[in-house]
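Secondary and tertiary structure notes
Each chain is listed here by its residues.
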Amino acid sequence: MLQAIPLTILPLILYNLVGYTMSGADPWATQLFSVTMISGAVWSLKLGDVLILFAIAMLFVEVSKAARASQNTISNHVLSTIVLIVYVVEFIVAGVAAQSVFLILTAIALFDVIAGFSITIKTATRDISLGHNVDAV
């Protein structure tokens with residue numbers, strides 16, 4: 001059953017933990033470090049950037065999970081849709097979520113839902129096609 005839990009919930013949990021515990025300025029704009037490039041431009045990594053990278057990594061794992069058929073596939077799709085709804089409602093309702101970082105996390109959750117359903121449908125169609133050809137022989 002734990003395999004059915006969508007990993008896109010982890011960035012949501014982290015966002016809420018940091019967002020609700022740190023008061024004051026925008027915690028996602030906190031600069032972690034900066035590097036001066038050869039061009040002379042300064043590149044800086046912010047906490048929000050790290051969270052987005054983490055969410056993209058979780059999306060990759062979720063897409064990989066959708067590519068293999070299992071008994072938990074439908075449960076994962078339902079739970080992914082619920083997580084997306086939580087993202088959207090929190091973005092609309094909660095002041096702490098009115099950030100670009102949260103909007104990008106919401107888009108990643110949307111891509112998880114769309115990719116999960118699309119890949120599962122494509123895989124099921126291929127499985128049906130293969131089963132049909134085997135029976136015809």
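So, a few notes on the structure that sits alongside this text. (Residues numbered from 1 in each chain as written. Predicted model: local features only at pLDDT ≥ 70, side-chain atom pairs only at ≥ 80, totals over all residues. Heavy atoms only, no water.)

So, the side chain of E62
Mapped onto the secondary structure, E62 falls in helix α2 (residues 47-67). Among the polar contacts listed, one links the side chain of E62 to the side chain of N76, at a separation of 3.3 Å. The residues touching E62, leaving out its near neighbours within four places in the chain, are I5, P6, L7, T8, N76, S80 and D112. (Helix = DSSP H or I, 4+ residues; strand = E, 2+ residues; numbered from the N terminus. Polar contact = N/O pair within 3.5 Å; in protein donor to acceptor, adjacent residues only side chain to side chain. Contact = heavy atoms within 4.5 Å.)

As for the packing of helix α1 (residues 9-21) against α2
Two elements in contact, α1 and α2, have axes whose closest approach is 9 Å; the angle formed by their N-to-C orientations is 160°. Between α1 and α2, the interaxial angle falls into the category roughly antiparallel. Between α1 and α2, the contacting residues are L10, P11, L14, Y15 and V18 on the first element and L47, L51, F54, A55 and M58 on the second. For the contact of α1 with α2, the class distribution of residues is 10 nonpolar, no polar and no charged. (Axes fitted to C-alpha atoms, helices over the stretch in contact; angles between N-to-C directions. Parallel < 35°, antiparallel > 145°, perpendicular 65-115°, else oblique. Nonpolar A, V, L, I, M, F, W, Y, C, P; charged D, E, K, R; others polar.)

As for a nonpolar patch on the surface
Together, I85, V88, V89, F91, I92, V93 and L103 give the surface a local cluster of nonpolar side chains, amounting to about 640 Å² of exposed area. Structurally, the position occupied by V88 is in helix α3 (residues 73-93). (Patch = residues over 30% accessible without salt bridge, like charges linked within 9 Å, V, L, I, M, F, W, Y side chains within 5 Å. Areas by Shrake-Rupley, 256 points an atom, 1.4 Å probe, with all protein chains shown as cover. Salt bridge = Lys/Arg side-chain N within 4 Å of Asp/Glu carboxyl O.)

Brief notes about the nonpolar core
Residues Y15, W28, L51, Y87, V101, F102 and L105 are the most contacted members of the largest nonpolar core, which totals 18 residues. Among the elements of the structure, α1, α2, α3 and α4 (100-136) are those that each provide at least two residues to this core. In terms of residue count, the dominant contributor to this core is α4 (6 residues). Setting aside chain neighbours within four positions, we find Y15 in contact with W28, L51, V96, A97, Q99, V101, F102 and L105. (Core = buried A, V, L, I, M, F, W, Y, C linked by side-chain atoms within 4.5 Å. Buried < 20%, exposed > 50% of the residue type's maximum accessible area, 1.4 Å probe, protein only.)

As for the packing of α1 against α3
Packing of α1 against α3 brings their axes to within 10 Å, and their N-to-C directions diverge by 30°. Here α3 runs roughly parallel to α1, going by the angle between their axes. Helix-helix and strand crossings are classified by hand; for α1 and α3 the assignment is left-handed. Judged by residue contacts, I9, P11, L12, N16 and Y20 of α1 engage V83, V86, Y87 and E90 from α3. (Left-handed = near helix turned anticlockwise from the far one by under 90°.)

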